[in-house]
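A look at the structure
Chain by chain, the residues run as shown.
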Amino acid sequence: MSVIGFDIGTFAAKAVLLTIKGKGSQRQVTLNGLGMSQMPMGVMSQWEEQPQPARTAMGAAMRSLTKLCKLSAGKFAALSLSGDTMIIKKITMPVTTQKELRKSLSLEAEQYIPYPINDVIIDGHILGVDERHGQMSVLLVAARKEVVFNYIQAIALTKTLKPAVIDVDALALYNSYDFIHPDSRENAILVDIGATMVHVTLLHEGSPHTIKEENIGGQRITDDIEDHFEVTMEEAEAIKLGAMAPPNVVETAEIVDRVVSNWKATLERCLDQVRAEIPEYKPHKILLAGGSSHILGLVEEFQNHFHVRTEIFNPLLYVKYNRKKFDPAYLEYIGPQMAVSFGLAIRKVETT
Ligand SMILES: Nc1ncnc2c1ncn2[C@@H]1O[C@H](COP(=O)(O)OP(=O)(O)OP(=O)(O)O)[C@@H](O)[C@H]1O
Ligand SMILES: [Mg+2]
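Residues numbered from 1 in each chain as written. Chains lettered and ligands numbered in written order. Predicted model: local features only at pLDDT ≥ 70, side-chain atom pairs only at ≥ 80, totals over all residues. Heavy atoms only, no water.

Things to note about the site of ligand 1
If you check the shell around ligand 1, you find 21 residues, and the closest are Thr10, Lys14, Thr196, Glu237 and Lys240. Take Phe11: an N or O atom from its main chain is 2.8 Å from an oxygen atom of ligand 1. Gln337 is positioned such that a nitrogen or oxygen atom in its side chain is 2.8 Å from an oxygen atom of ligand 1. Contributing elements (two or more residues each) for the shell around ligand 1: β2 (12–21) and α6 (233–241). (Near = heavy atom within 4 Å. Polar contact = N/O pair within 3.5 Å; in protein donor to acceptor, adjacent residues only side chain to side chain. Helix = DSSP H or I, 4+ residues; strand = E, 2+ residues; numbered from the N terminus.)

Have a look at this one:
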């Protein structure tokens, strides 16, 4: 059963619907629907203080995207959390099976979570097992029940969608990559740069090893241009996108460079963290996604700085689609921004 992957970002809500038939090398993936709509400014970043407007905006975005993509009613929705709405942490705990993991996790997780354990929903993914010491490393994901409940209520507001999956952005990003390169054993680094966040999902031999999120995205460039040149937000955004001439080219480039340096520093911290555990760790490639990956020269900037092959990650290049329904040039442009929603759209409806 297909689910619609909804990535509700602070800047834009994105939706992807796929049809997946067959398995392994026989698998056929077809793009069925795709859409994006801008979110009201600031609503998603004030989710904690003001849940009601965020819920209403999410519901409205999902409803309009469902219509826009001509997606039929009665579908299932997969959404993802990110940022301060959840905790994601790599922990070490005694060996158990994936089946038993949730039970053991609630006992283990208490010490890592700043909320009462009964107020959170916990999940985990086994990253690696050290048989010799009877220990395993697990990616612990915890979200406050209140936040998940808000998401479910937002889905209910659409009146046509049912909740199927609540994931996290960084793992949806990994799922996109894994779906396209299922047998990859590479040390790939996935970097999604949105409007307010940068997510790094660092893989070791094809599996997620370290996840890092920081609160700095492309909106910072827009804000800095707005402040520096005393222009409106719309003008600042147009300057950033190259749709309007900047008052000063050199100063604009300096503003962009400052923010790009922050993203590189986030990735450096991530690499330091991994190398503390695996000193010989060498990345094979860096894949950039998210709307801000469009920033001119960003690929070269990462490639030259880290001396690692860097590319734009576009999962839509790997699916079939009807050329009468979708414009190839548009899919090529929009694909990197759809990486999280793509990773959600490949999820199955869970029956347990
Ligand atoms: N051509 C472009 N050049 C530079 N920046 C761009 C371009 N196109 C889009 N962006 C920027 O991408 C950002 C939106 O990307 P995206 O949709 O991935 O963010 P989001 O998922 O809504 O945000 P977040 O994940 O941080 O909540 C905006 O800041 C927008 O200005
Ligand atoms: Mg995003």
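There's more to say after this.
Notes on the nonpolar core
Core analysis: the biggest nonpolar cluster contains 34 residues, and Phe6, Ile8, Met58, Met62, Leu79, Leu81 and Tyr151 have the highest contact counts within it. Of all the secondary-structure elements, those providing two or more residues to this core are β1 (3–8), β2, α1 (51–68), β4 (76–81), β7 (135–144), α3 (145–157) and α4 (169–180). With six residues, the single largest contributor to this core is α1. Contact partners of Phe6, with chain neighbours within four places excluded, come to Lys14, Ala15, Met62, Leu65, Thr66, Ala77, Ala78, Leu79, Ser80, Leu161 and Leu344. Counting residues in hydrophobic clusters, the runner-up holds 31 residues, among them Val198, Ile255, Val259 and Val274. (Core = buried A, V, L, I, M, F, W, Y, C linked by side-chain atoms within 4.5 Å. Buried < 20%, exposed > 50% of the residue type's maximum accessible area, 1.4 Å probe, protein only. Contact = heavy atoms within 4.5 Å.)

Concerning the sheet that holds β7
Neighbouring strands of a sheet are bound in pairs by backbone hydrogen bonds; such pairs are parallel or else antiparallel. Spatial strand order, β5-β7-β6: three strands in an open sheet with antiparallel pairing. Unpaired on one side and paired on the other, β5 (86–94) and β6 (120–130) mark the two borders of the sheet. If you compare each strand with its neighbour and ignore which way they point, the axes differ by 25 degrees on average. Strand direction decides the pairing type here: β5 and β7, joined by nine bridges, are antiparallel. Paired with Thr92 across the two strands is Ser137, which belongs to β7. In the packing of helix α2 (residues 98–109) onto the sheet, the strands contacted are β5, β6 and β7, and the crossing angle to β6 comes to about 115 degrees. (Pairing = 2+ DSSP bridges. Axes fitted to C-alpha atoms, helices over the stretch in contact; angles between N-to-C directions.)

Comments concerning the packing of α1 against α3
Close contact between α1 and α3 brings their axes to 8 Å; oriented N to C, the two are set at 45 degrees. Viewed along their axes, α1 and α3 adopt a mutual orientation that is oblique. Crossing geometry of α1 relative to α3 is assigned as right-handed. Mapping the contact onto sequence places Pro51, Arg55, Thr56, Met58, Gly59, Met62 and Arg63 in α1 and Asn150, Tyr151, Gln153, Ala154, Ile155 and Leu157 in α3. (Parallel < 35°, antiparallel > 145°, perpendicular 65-115°, else oblique. Left-handed = near helix turned anticlockwise from the far one by under 90°.)

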